[in-house]
Amino acid sequence: MQHTVSPVGIVRSCFKEKFAIPRQPQLAPAARGVLELLPPFDQGDAVAGLEQVSHVWLLFLFHQALEDKPRLKVRPPRLGGNKSMGVFATRATHRPNGIGQSVVRLEGVEPGRLLLSGIDLLDGTPVLDIKPYVPYADSVSGASNLMADSAPVAIAVDWADSALLQAGEHAQRLGEPLVELIEQCLAQDPRPAYQVPPVERVYGVKFWDVQVRWHYPQTDRIRVLEVALDC
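These numbers come from a predicted model, not from an experiment.

About the cut-offs
Here, residues in each chain are numbered from 1, in the same order as that chain's written sequence. Given that this is a predicted model, residues contribute local features only at a pLDDT of at least 70 and side-chain atom pairs are listed and counted only at 80 or more, while totals for whole chains, interfaces and linings are drawn from all residues. Values reported for side chains reflect all heavy atoms of the structure, with hydrogen atoms and water molecules removed beforehand. Here, a strand pair is defined by DSSP locating no fewer than two bridges between the strands. Helix and strand assignments follow DSSP, with helices taken as H or I runs no shorter than four residues and strands as E runs no shorter than two, numbered in order from the N terminus. Interaxial angle, 0 to 180 degrees, is taken between N-to-C directions of lines fitted to C-alpha atoms, where a helix line uses only the stretch in contact. Burial status follows relative accessibility: with a 1.4 Å probe on protein chains alone, a residue under 20% of its type maximum counts as buried, one over 50% as exposed, and anything between as partly exposed. What the arc covers is the set of directions going from the helix axis to the C-beta atoms. Should any heavy atoms of two residues lie within 4.5 Å, those residues are counted as being in contact. Here, a salt bridge means any Lys or Arg side-chain nitrogen found within 4 Å of an Asp or Glu carboxyl oxygen. Among the buried residues, those of types Ala, Val, Leu, Ile, Met, Phe, Trp, Tyr and Cys that are joined through side-chain atoms within 4.5 Å form a nonpolar core.

Enquirer: Any chance you could explain the sheet that holds strand β2 (residues 32–37) here in plain terms?
Expert: In any sheet, the strands associate via hydrogen bonds between backbone groups, in a parallel or an antiparallel arrangement. The 6 strands are arranged β1-β2-β7-β6-β3-β8 in a closed barrel whose pairing can be described as antiparallel. Averaged over all pairs of adjacent strands, the angle between their axes in this sheet comes to 45°, without regard to strand direction. By the bridge criterion, 5 bridges tie strand β3 (residues 55–61) to strand β8 (residues 126–132) in an arrangement that is antiparallel. From the neighbouring strand, Val-56 faces β8, where its bridge partner is Pro-132.

Enquirer: When you look at the pairing of strand β11 (residues 210–218) in this model, what are you seeing that I'm missing?
Expert: For a regular strand, side chains alternate in direction, first toward one face of the sheet and then toward the other. Across 5 bridges, strand β10 (residues 203–207) lies against β11 in antiparallel orientation. Residue pairing for β11: Gly-204 is matched across the bridge by Arg-213. What sits between β10 and β11 in their antiparallel hairpin is a turn of 2 residues, with Trp-208 showing a positive phi close to 50°. With 7 bridges joining them, β11 and strand β12 (residues 221–229) adopt antiparallel strand pairing. Bridge pairing in β12 places Gln-211 opposite Ala-228. Hairpin geometry of β11 and β12 is characterised by an intervening segment of 2 residues between the two adjacent antiparallel strands.

Enquirer: Looking at this structure, how should I read helix α4 (residues 178–186)?
Expert: Residues spaced three or four apart along an α-helix point in a common direction, a consequence of the helix completing one turn every 3.6 residues. If you check which residues of α4 are buried, you get Leu-178, Val-179, Leu-181, Ile-182, Cys-185 and Leu-186. One side of α4 holds all its buried residues, which, seen down the axis, span an arc of 165°. Considering only its buried residues, α4 is in contact with β9 (156–159), α3 (161–174), β10, β11 and β12.

Enquirer: Looking at this structure, how should I read the pattern of salt bridges?
Expert: A side chain of one charge can pair with a side chain of the opposite charge if their charged atoms are brought near each other. One pass over the structure, following the stated rule, counts 13 salt bridges. With a closest N to O distance of 3.6 Å, Arg-32 and Glu-176 form a salt bridge. Here Arg-32, found in strand β2, pairs with Glu-176, found in the loop between α3 and α4; they are 144 residues apart in sequence, far enough to count as distant. Relative accessible area serves as the criterion here: at 36%, Arg-32 is assigned to the partly exposed category. Among the ionic contacts, a cluster of salt bridges with common partners joins Asp-158, Arg-221 and Arg-223.

Enquirer: Explanation requested: the nonpolar core in the structure shown.
Expert: Nonpolar side chains in soluble globular proteins tend to be buried together. Judged by nonpolar contacts, the single largest core of 50 residues is most densely connected at Phe-15, Leu-178, Leu-181, Ile-182, Phe-207 and Val-227. Of all the elements, α4 adds the most residues to this core, at 6 residues. Once you skip the residues sitting within four places of it in the chain, Leu-178 turns out to touch Ala-167, His-170, Ala-171, Phe-207, Trp-208, Val-210 and Val-227.

Enquirer: Which parts of the structure should I look at to understand the sheet that holds β11?
Expert: Taken in spatial order, the 4 strands make up an open sheet running β9-β12-β11-β10, and their pairing is mixed. Edge positions in the sheet fall to β9 and β10, since each of these pairs with one other strand and no more. Put simply, the sheet's adjacent strands are angled 35° from each other on average, direction ignored. Summarising the sheet, β9 and β12 pair through 4 bridges and their orientation is parallel. Each residue of the ladder has a partner; that of Val-157, found in β12, is Ile-222. Lying on the sheet, α3 is in contact with β9, β11 and β12; it crosses β12 at an angle near 50°.

Structural data, given as C-alpha cells:
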C-alpha cells in the first residue's frame, strides 16, 4: 500500500546548511524560523485556536537526506558515529520514509504563518503536519532512553573580540539573537565526535545571511574567529 502526501508548509529557517544544526530541538532556544503555510492552509481558519498553545509538533521531510534504499542500521552521532544501531532505535536523518519530528516553541500565530523558536530544521524543510503539544499526554513521567538519557555536554565557546563585535552588529541589523544562536549551536560541538582537528583548521557555517568561522584552540574549546556577510 502506498500513500501520497503533500506539504502543508515550508520552513524559512536561520539554518542554511545542515552542518551545526542542533541534533535535537530546544537545544538552541535562539534558533528561529517561520513556517509559511501553503494553500489551502494559508487561511486564518487553519490556525484558529493555536494562540492557546505554547509548543507544536512538526512532522516534516528530511528533504536533503531522502534515499531510495532503506537502511536497517545507522551510525548515530550521539554514539560517536562509529557504532551501529537499528534505525528505529535512533532519530537519525536516514529514515525509511524520510519523516522527522520536532517539538518547537510557538512564538506567534498569523494567518498563513507560524513564528517558531527552538527549531532544528533546515531552511526549506517541507512540513507535512502540525499538531499541538499536549503536556499531560506528551510528557511521560518515568520515561527512559539509556542511549540518550540527558542532553549532550556543552563545549566551551569563547570569542575573538572582533568577532563578538561583528556578531553584535549583524544581530542588530537582522533583529535576531545572533550571538546567542552562535553560542548555543556551537556549544553542541558540530564536528564529528571522532575528529580531533588541528588548531589551524578553521570551520565555517552559515546562519541567516552571515558566515561564522571558528577553530578549536583546545579539543574541549571553540573560539569564534569571524562573523561576516556571506558573499
